[in-house]
Structure formats: C-alpha cells, structure tokens
Amino acid sequence: MQGEHGEIGLAGQANSSKDEEDARVAHSGSLVIVTVEDGDPEFAKAIEEQLSVVTAWWQAGLAPGNGFVQTVLRAPQERHDVERFLHASGIREATEDEALVLYITSHGAVGTSTRHFLLLPGTDTDRLLATGMPTNELIIAALDSRARHVLVIVNACEAEGIDVELRALARDLARSTERTLNVVATTSTRSPVLGREFAVVLRRAYEWLQDAAGIARPHLSISEFIQALEQATERLNEERDLSLAGPRAVLQGKLGAPTPTLPNPGYQPKTQVVTQAREEVAATPEELEYWLDRASGRASKDDPGWYFSGRQELNRRLTSFVRGPSGVLIVTGTAASGKSAVLARTVTLSDSAFRASPRYAEAVSKAPADSVPDEGSIQVAVSARNRGPLSLIEAIGTRLGCEQDRAQPATDAVRQWQEGLRTFFTTRQEDTVTVVVDGLDESPDAVACIRDVLVPLAACAGVTGSAGSISVPQQGVGFTWAVSPPARPGLRLLLGVRSTSPGTPEAAVATGLRGLLQELLIVFPAAQVVRTDGEGVQADIAAYAAALLAGAVWGTDPTVVASAAECVARHVGRSFLDARLAAEQLRRRDGATLLSDPLWLSQLDRGTVGLFEQDLDQVTDDGLNKEEALALLRATAFGLGRGIPWAQVWPTVASELLQNRLDHADEKIRSLLVGRLAGYLTHDVEDDHVVYRPAHEQLGVMLRRWPLPPQETRRALDESG
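Residues numbered from 1 in each chain as written. Predicted model: local features only at pLDDT ≥ 70, side-chain atom pairs only at ≥ 80, totals over all residues. Heavy atoms only, no water.

Draft legend 1. Here's a closer look at the sheet that holds strand β1 (residues 28-35). In space, the six strands of this open sheet follow the order β2-β1-β3-β7-β8-β9, with mixed pairing throughout. Only two strands of the sheet have a single partner each, and these edge strands are β2 (67-74) and β9 (248-251). When strand polarity is set aside, the average angle formed by the axes of neighbouring strands in this sheet is 20°. Examined bridge by bridge, strand β3 (residues 98-106) and strand β7 (residues 149-156) share seven bridges and lie parallel to one another. Bridge assignment links Y103 to a residue of β7, and that residue is I153. The sheet contacts of helix α2 (residues 41-57) involve β1, β2, β3 and β7, and relative to β1 the element is tilted by about 175°. Packing against the sheet, helix α3 (residues 79-89) makes contact with β1 and β2, and its axis sits at approximately 155° to β2. (Pairing = 2+ DSSP bridges. Helix = DSSP H or I, 4+ residues; strand = E, 2+ residues; numbered from the N terminus. Axes fitted to C-alpha atoms, helices over the stretch in contact; angles between N-to-C directions. Contact = heavy atoms within 4.5 Å.)

Draft legend 2. Highlighting the environment of Y680. Mapped onto the elements, Y680 comes out in the loop between α28 (665-674) and β16 (681-686). Residues Y680 and L577, 103 residues apart in the sequence, show an inter-C-alpha distance of 9.7 Å. At 2.7 Å, the side chain of Y680 forms a polar contact with the side chain of D615. (Polar contact = N/O pair within 3.5 Å; in protein donor to acceptor, adjacent residues only side chain to side chain.)

Draft legend 3. Structural view of α3. The complete set of buried residues in α3 reads R79, D81, V82, F85, L86 and S89. All buried residues of α3 lie within an arc of 160° about the axis, which places them on one face of the element. For α3, exposure combined with an orientation more than 90 degrees from the buried face picks out H87 and A88. Looking at the buried positions of α3, the neighbouring elements they touch are β1, β2, α4 (128-131), β6 (133-134) and α5 (135-143). Taken from the residues just after α3, G90 is the one with a positive phi, measuring 75°. (Buried < 20%, exposed > 50% of the residue type's maximum accessible area, 1.4 Å probe, protein only. Arc of directions from axis to C-beta.)

Draft legend 4. Up close: the environment of Q418. Within the secondary structure, Q418 is located in helix α16 (residues 413-427). Note: C-alpha distance between Q418 and I393 (25 residues apart in sequence) is 7.8 Å.

Draft legend 5. Molecular detail of the nonpolar core. Core analysis: the biggest nonpolar cluster contains 133 residues, and W58, F308, F612 and W650 have the highest contact counts within it. With 38 residues, the next largest nonpolar core counts V382, A395, F424 and A458 among its residues. (Core = buried A, V, L, I, M, F, W, Y, C linked by side-chain atoms within 4.5 Å.)

Draft legend 6. Molecular detail of unusual backbone geometry. Between W706 and P707 the backbone carries a cis peptide bond, its omega angle lying at 0°. Here P707 lies in the loop between α29 (697-705) and α30 (714-718). Here the phi dihedral of A647 falls at roughly 25°; this positive angle occurs in a residue that is not glycine. Mapped onto the fold, A647 is located in the loop between β15 (644-645) and α27 (649-658). Here A647 falls in the buried class, since its relative accessible area comes to 17%.

Draft legend 7. Structural view of α16. Taking 1.5 Å per residue as the helical rise, α16 with its 15 residues ought to reach 21 Å, and the 21 Å between its terminal C-alpha atoms agrees with that figure. Buried within α16 are the following residues: V414, R415, Q416, W417, Q418, E419, G420, L421, F424 and F425. Buried positions along α16 lie against α15 (389-400), β12 (433-438), α17 (446-460) and β13 (491-498). (Expected span 1.5 Å × (residues − 1).)

Draft legend 8. Geometry of the packing of aromatic side chains. Applying the stated criterion across every chain, the model contains 12 aromatic pairs. Arranged with centres 6.4 Å apart and planes meeting at 75°, the rings of W58 and F225 form a pair that is edge-to-face. Here W58, found in the loop between α2 and β2, pairs with F225, found in helix α8 (residues 222-240); they are 167 residues apart in sequence, far enough to count as distant. The exposure classification of W58 matches that of F225, with both residues buried. A ring pair is formed by W646 and Y692, whose centres lie 6.4 Å apart and whose planes are at 75°; its orientation type is edge-to-face. (Phe/Tyr/Trp six-rings, centres within 6.5 Å; stacked < 30°, edge-to-face > 60°.)

Take a look at the structure:
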C-alpha cells in the first residue's frame, strides 16, 4: 500500500509469545480511513476531531519501513467512489506482515434484510441495494487481505448492525491460528453515529492508556483497547448525563493477545543499563542519570560523582570479595542504611553492558580502581522481595542457565531446581560463579529460602557450611551437600539482609530480623559480615547529603553546603533515606531558614515520620487534599508482589482507606507523581503492567502502621519487622 510511513512501535518482551513475535516482525502498517460527510459543517468538524486522534494513535513517522501508511478517502459522493477507492488503495492486497487498520466514519442504516449500509450523499434510502454502500464490503476487503493482523473500527449509525451478515461472511475467510482479526462497532441498533462524542471517547482512551492503564508493552490486546474505550465512555456519560452504550467487539481474535494493529500510547521503551540476569538488583537508569548530573555533586569534570566514588571502604570490601575465592559475604545493617545501594553499585559496575556504554565509561574510569569490581565478576543478581523458595531458586537457576531436573517428582519443583543446580555446578568447567541475593528479609518465608535455596546452592558449588539448626529436607540417594564435594567451579554468595544494630536493647532480645542474620551465620559459619551502619556511617551520610544539596539555589558556597550536610548527618542517625528526604526539603526551600528552625530540626530528629509529616502538611501546594494524598500513598504500601497497578486498583484501595469515594482519582494520582510526595514512591513492572510501591520498605512499614503515635521514633521504625 502507498503512503507516508511512520513509527508503529518497538520490540516486545524477551519471553514473548508467538503473538508478540508477530508484533515485532510487523514493523510497518497501514491505516485506511473512509469518511462520508453529509454536507453539515458541524458533522465535518466532528470528523476532523475524530481523525486528529486516529492519525495520532496510528501515526505516520519519519522513516520509511516504520509505522503506518495513512490512506484517506474523503467525502465520497456515491457507491462507485468507494468501490474505486477499495481497488486503488490496495487494501485487499495488504501483505502478511502489514498491520492493517481500517477506520470508517459515516451515517448508516440497517435495511429490512438486516444488512448494514453506509449512507452516501447520493444514496436513495428507498434503493439501498443500488445506491448505498454495503458496509461489510469494506470490512471484508480488509479481513480477506493477506494481512495477519487486522483491526476495523466502524463509527456509523447502527454500527452494530454489521454483526449478523459479518458473522456469516467470516465463515469464508481463510482460517489460521496466526491471524488476529478484530472488528469494533461504536453504536448499537437504532443509535445515531457518534460525532464529537466518539472523538472525545477516543482521545480520553488514548490519554488513559498513556499513564493510568500502566501497560508496559508496545502493543495492546483487543480486550485492553475495549476496556479503555468503555472507561472513557463511562466518564463521558457521567459528565454529560448521557447513556451511550459504548463500543463493542463484533468480531474478535484472541482477547488477551497483543496485536500490532493496536500500538500502546503509554509505551516507553525501557533503557537497558545492565543485562537481564543482574537487572533486579542493579541501579536503575533514573538513579544513574541523577548521579551523572553535575548538580548531583560533581565538583568538576574530573569528579566521577558520589555514586561512583562514595562509601569507599564498603565498596572496596565488596570488590575484594567478588575478585576472591569462593565464600559467603553478608551485607547487613539497620533499615535505610544503604545495603541495597551498595549491592546495586557493585552489581552495576560489574556488568559488561554497563561497562561498554560510553555514557558511563568516563565516570567508571575515574572511580577508585580498588572499588570497581572486575567486568563479568557477578553472574546473577536477584531480589528475594516477596519471593518464596520456589520463586527464588527458579530466578537464580534460570539466570544461571541451568534447567530443572525433570527426573525428580513433578510435585516437588524446588527439588527439581536443586538437582538442576547440582548438575550445573558439577558439569561446569568455567571460573567461580558469583550470585547476589538482596532483600532476604523481605521474603515472606526467609528461613525456607535459606534452607531450600541458599544452603543447597552453596553445597552444590562446594562452599563449606553447616546446616546448623535449620532443618534441611532429606534428599534422594546419592545427594549429599557438604560431604566431600567433587572438584567443581566455586561459588561466591553475596547476600543482603536487614538486621538490628549491635549493642541496642532491641538486638539483645533477638528480634526476628536479628534472628535471620544469626540463622545465616549458623549455616555459613565462615561467612564474612559487612555492616553498612558501622563506624564512618555519619561521614558517609554527610558526603551523600552534600552531593544531594550541590546545585541548590542557596548552595553556591561549598562551605555552606558542607555545613548543611553535616547538620543533616548529625540528626538522621544511620538513615540514608532520611538524609535524602531532608535534602529534598532543603533544596525546595530556603536551606538556611530550615536549618535554623528548631521545629524542623526536631522533626528531623524523629526521622522518616517527622520528615513525612512536614511534606504531608505542605501537600496542598501541589493541589492535593492532605487526607486523599495520604490515602493514595498508603494504598501503595499494601500492594502485593512488586507493587500496586494504577488503573482501577490504586483508586479503589485508596477509597477504601479513605472510607469515602475518591473523585477524579486519576488526576490526583498524576499530581501526586509529580509533586513533593513523589520521592516517597518508586515504580516497577510486573505482568506487563507498571506498578507502584513505597521507595523503601521502611516507608512501607510507616504507611501501613499510620497513624503513628506522637512518640514514634526513628529507632521504632528501624527495628520493626
């Protein structure tokens, strides 16, 4: 088909289905538009409004070979004009890999034969067969092409009237499991064409899909498309007191299968900083870009920035470990003392894809050499957050490239992976493997993860240890873990786990978190332990705060910034999280005024709770109601898995916490995500959807327990489970 090409979308997920594979192959598409006017200027304007959305959704791009060819038939006068267009446009000859979209907008009617016709200016309603245009002739021209993926949208009076005839004609179409054919009608029987109303519905669906829907892949399924149209129709009905039935699929392919005929307006190509095997623990692209920015603490072009040069002693310890022999190293400390950040830096700097990027090469080259791990020294890095033993061992096994031992009972998947790992380490001839597991304390069954995953993993690789007080399940004949393992490549196991601070009363009574660290030391008695909250942490926090404050409007004098950073460090204890929250408040406001304000300093002494109360009290500056903003934040703390999806879920949970309906929820969530409270949240992707959760588990604990008693202290949160 002829026309100007535009961008259709980018590649899908690595583990995609056949439908996603087709979506990637179908790198170009065609948008065919048929508009029939009636001489009414208002209807002509309504058509223009529709087309502005349609051509933006299925847009033409800049380069040939990408995107949608746009071919338009404007204002045909009689049936012959449409028939000639069908031939000239080449719609029937669309190729297999061409994503074909047909959009029809017109007045229409259903004859007594139940056949649907488009009403042209030259149509005699008493002679529909001779002067009207049978709507299904256009539809079948698209469906009977060679294109594997076809979408037709009919916006006409009584559009649903195409149904009966279309279903009969569809029986003559070539059958193929690879084809995805969808036809959508916008109006029901005896309903007029939707002019400006459908333009509004399309635009709102487009905007909703840009953020609130949170779909993270490049293409939508027909069910997701219809859901967006229904949601937009409901909103329009409420606002204008209408009773529009809303579009429905008259003919549909696989409901949940993404199709290249439906580009996702909200798709943002993911920046791949590190390879997938290390992505869960590595620094995010946003974090890295922040620290590369000169305003984030780079005094000159020779300064690699705090992220690459801070916390040197800790980073040297971790670098030395991943360069050394087999063993176990446990990175631990109180909440928010920077465990995950230290592990993330080590994982990120070891990644070959990261090291190959010119974007980061200069900063890495200027970081202290003894704090930069060797390239490729870490093979796998995963998070135990919300993972049980099966999920964790599967994540490690798949990233190592090993397979389950299917000879073991199918009912014991964990055992299959244990045996698969044993085979992997027994047959592997390469160097020592490094596996990083962070957030062990955030697993719902951390002890089982130690018993069923970490102990067998270390034993399979010949790492010395003892099962200690943890009951290790009896294995099959010939499976022994710590008794004379055969010669094989070793394993470096790098673990991140929260614990209480040594010497505190809380540590003395051995809370669950302290117990988890002790369990690790029992099964790995030779393990090294590195604490992130030990001596020197206040100096580290001061350096961190100084980097965050650099570039503040009031921070042109380095001595003023250093003094402010030292003040923050004295008040926030061992919490890098509190240092970040305090620095954000200081950057937004007059730092000197805040630092001399006894009330602000007393709130700072209360830690996360006090800083959060400060930000919450000022949320009205962002146009948000304090109670509603709190409910929205709290809702994210109760999400399972990696977080809570936006769509209808986030507003519903917030309404329950608020014990009242949250009106205009999407607009309020948008304000939240760009306002002063945005720093309390982070986002992730789960099941192809963007999800949101508190930026740190300590924030999650605080929000779940809210409201907190006035005497709540930082220590109470630090030591909470």
